[in-house]
Amino acid sequence: MIHSLINFDFYESFVAPFYQYLFMRRALAACIAISLSSAPLGVILIQRRMSLIGEALSHGTLPGIALAYLIAGMWLPALTLGGALAGLIVAFFSHFVAQKTCLKEDASFSSFYMIAFALGIIILSLQEGSIKLVHLLFGNVLAVDSASLIFMAMTSTVSLIILVVIYRPMIYECFDPLFMRSLKLPTHFYNFTFLTLMVGNLVAAYQALGTLMALGIMMIPAVTARLLARRLTNIFILSMILALIASYAGLLLSYHFNWPSGPTIILVSGGLYIASLGYVLIVKN
Amino acid sequence: MILFSQLSHLYQKKIALEDINLRIEAHTLTAIVGPNGAGKSTFLKIIAGLIKPSQGHFSYQHPFTLAYLPQQSGLDKTFPLSVKDVVAMGLWPQIGLRKGMNHAQYLSLEQAIETVGLKNVENHSLDSLSGGQFQRVLFARLMLQDADVLLLDEPFAAVDEATTQDLLSLLQHWHQQGKTILAVMHNLSLVRHFFPQTVVLAKNLVAYGPSDEILTTDNLLRAHGIMGAS
């Protein structure tokens, strides 16, 4: 009796929401796709100490997306292209200013992405109805339709394949850039490919998590994994697992408590991070 | 043979190297010395193709493969790689993007790790190594690269005495095999003992030739004088 009660409870709380509702299944599939490709990109990002560029790309894409939305409506290819262009423009100018003036990268990057972000919000507000703004900022994973789901799955698959192909030079370049350049390898090509993958993944993650949260699923699981594991392979695998756990648990919590899904997923991920911090700082020392 | 003619380089609008005319023969073992900011690293980087000189030419008689050893301080020693991973980087020209190591390559990897005396820590991660052990890792990688020209930027900075001795004898061994070696050095007594040729730099070329003739108090004072004046 008790046994069957526990089983029943488990099913109701952990499985039924996904079994019964199509939107929950789609949401879960979308988050799995995003987790699998964003988390490993995040690992490379932190090893290259480029989290600022991630910030610039994720915030910087907003005006492009907003403009594309204003012109083409909720049409994914246009949103992606707009976002990618705006993100790369912000990254390019920030980098340029850091090279040519006395400003350091962090100062230059944060100024540019805040300008882009403000511009994006103004453009969005030109459109009637502020619900759209909230969705773009925080995402609405529960409203993922099959077109966006296919887009996310494709982005994730293509990113993972490309990542596997350029894995070795990417890692070598992170560890010892001069070594790679002394072998006359096209390091700019690899860097550019990596940036493109990041923009693609951030735009894909928007649909579900929103501009403000997209970077979270890329960074937090990667940072946590880096904290816990010492080998690169383990860090990659752990980052994916952590992102998947956060996605699943976050969706469930948001379903049961009626919290917004994007922030809930990031918060679960943050909870795992803080727990890991506690483990590392208290137990290990 | 590597030839510099009227080569100058500006870095952030400041002169790093000025009017260098120099000819370095193949198969020589050469030390590059000079005060801080004398352009020693820049000089190596120009040969390595990492920097394009602002003026003048740098040329060579025969095409060669080169291996570059960066300053240890420029590398992230907490990077989550193992000793074996880093040494295996030296196989890049042979295995490229995706190929795995074949048996012969694996044996040469093991051999290189053995030669630098890191057999017992080959699976350890980088953050557990001492400065000396870290430099041994980089030397094992150089060994696998098996290049004609070796460019070493301060190979013995932050390295213990025993490691310095071991790695110096490796350098001499490679020199005897016919490799051309250029190393930025600080310790002048090591230079006098182990490097047949020396270049003294102070943005300009102060002197070049056999170490025992070149490393005079006069030349060294001149090098410091030039740097002090600018």
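Please refer to the structure higher up on the page.
Residues numbered from 1 in each chain as written. Chains lettered and ligands numbered in written order. Predicted model: local features only at pLDDT ≥ 70, side-chain atom pairs only at ≥ 80, totals over all residues.

Undergrad: Help me understand the overall build of chain A, please; the structure alone is not making it clear to me.
TA: Per the secondary structure count, chain A includes 13 helices and zero strands. Counting from the amino terminus, chain A carries its helices and strands in the arrangement α-α-α-α-α-α-α-α-α-α-α-α-α. For 285 residues, the compact-globule formula gives about 19 Å, and the C-alpha radius of gyration of chain A, at 20 Å, lands near that figure. Judged by the C-alpha coordinates and their principal axes, chain A covers about 70 × 55 × 35 Å. Long-range pairs, those at least 24 residues apart, make up 73% of the contacts in chain A between residues at least 6 apart in sequence. (Helix = DSSP H or I, 4+ residues; strand = E, 2+ residues; numbered from the N terminus. Rg over C-alpha atoms; globule rule 2.2 N^0.38 Å. Contact = placed C-beta atoms within 7 Å.)

Undergrad: Is there a simple way to think about the packing of helix H11 (residues 211-228) of chain A against helix H12 (residues 232-257) of chain A in this case?
TA: A packed helix pair is summarised by two numbers, namely the angle formed by the two axes and the spacing between the axes. Residue and element names in this part refer to chain A. Packing of H11 against H12 brings their axes to within 8 Å, and their N-to-C directions diverge by 130°. With respect to H12, the axis of H11 lies oblique. When you trace H11 past H12, the crossing you get is right-handed. Where H11 abuts H12, its residues Ile217, Pro221, Ala222, Thr224, Ala225, Arg226 and Leu228 lie against Ile235, Leu238, Ser239, Leu242, Ala243 and Ala246. Looking at the contact of H11 with H12 residue by residue, the class counts come to ten nonpolar, two polar and one charged. (Axes fitted to C-alpha atoms, helices over the stretch in contact; angles between N-to-C directions. Parallel < 35°, antiparallel > 145°, perpendicular 65-115°, else oblique. Left-handed = near helix turned anticlockwise from the far one by under 90°. Nonpolar A, V, L, I, M, F, W, Y, C, P; charged D, E, K, R; others polar.)

Undergrad: Is there a simple way to explain the interface of chain A and chain B in this structure?
TA: How big an interface is tends to be stated in terms of the accessible area lost upon association of its parts. Contact with chain A, which involves 17 residues of that partner, is made by 17 residues of chain B. Secondary-structure elements contributing two or more residues to the side of chain A that touches chain B are helix H8 (146-175), helix H9 (177-182) and H12 of chain A. It is H8 of chain A that contributes the most residues to the side of chain A that touches chain B, five residues altogether. Here the residues of the side of chain A that touches chain B sort into nine nonpolar, two polar and six charged.

Undergrad: I tried to follow the sheet that holds strand E9 (residues 204-210) of chain B on my own but got confused; where do I start?
TA: Residues and elements named next belong to chain B. The six strands are arranged E5-E6-E7-E3-E8-E9 in an open sheet whose pairing can be described as mixed. On the outer flanks of this sheet lie strand E5 (66-69) and E9, each paired with one strand and no other. Between one strand axis and the next, the sheet turns by 15° as a mean value, whatever way the strands run. Two elements, E5 and strand E6 (residues 149-153), share four bridges in a ladder whose sense is parallel. If you follow Leu69 over to E6, its bridge partner there is Leu152. (Pairing = 2+ DSSP bridges.)

Undergrad: Any chance you could explain helix H1 (residues 40-48) of chain B here in plain terms?
TA: Structurally, the α-helix is built with 3.6 residues per turn, so residues lying three or four positions apart point the same way. Residues and elements named next belong to chain B. Among the nine residues that make up H1, seven are buried, leaving the element largely enclosed by the rest of the structure. Those residues of H1 not exposed but buried are Lys40, Phe43, Leu44, Lys45, Ile46, Ile47 and Ala48. A positive phi of about 80° marks Gly49, the residue just after H1. (Buried ≥ 20, exposed ≤ 12 C-beta atoms within 10 Å, placed from the backbone.)

Undergrad: What is the right way to read helix H4 (residues 103-115) of chain B from this model?
TA: Residue and element names in this part refer to chain B. In this model, H4 (13 residues) spans 18 Å end to end at C-alpha, consistent with the 18 Å of a helix rising 1.5 Å per residue. Buried within H4 we find Leu109, Ala112 and Ile113. Buried positions in H4, seen along its axis, are confined to an arc of 95° and lie on one side of it. Away from its buried face, by an angle of more than 90 degrees, H4 presents the exposed residues His103, Ala104, Leu107, Gln111 and Glu114. Where H4 is buried, its residues meet helix H2 (83-88) and helix H5 (131-145). The first or second residue beyond H4 is Gly117, which carries a positive phi of 75°. (Expected span 1.5 Å × (residues − 1). Arc of directions from axis to C-beta.)

Undergrad: Teacher, can you tell me more about the packing of helix H5 (residues 76-100) of chain A against helix H6 (residues 105-126) of chain A here?
TA: Residue and element names in this part refer to chain A. Relative to each other, H5 and H6 sit at 145°, their axes nearing to 8 Å. In this structure, the crossing between H5 and H6 has a hand that is right-handed. Contact residues: Ala86, Val90, Phe93, Ser94, Val97 and Ala98 in H5; Glu105, Ser108, Phe109, Phe112, Tyr113 and Ala116 in H6. Split by residue class, the contact of H5 with H6 holds nine nonpolar, two polar and one charged.

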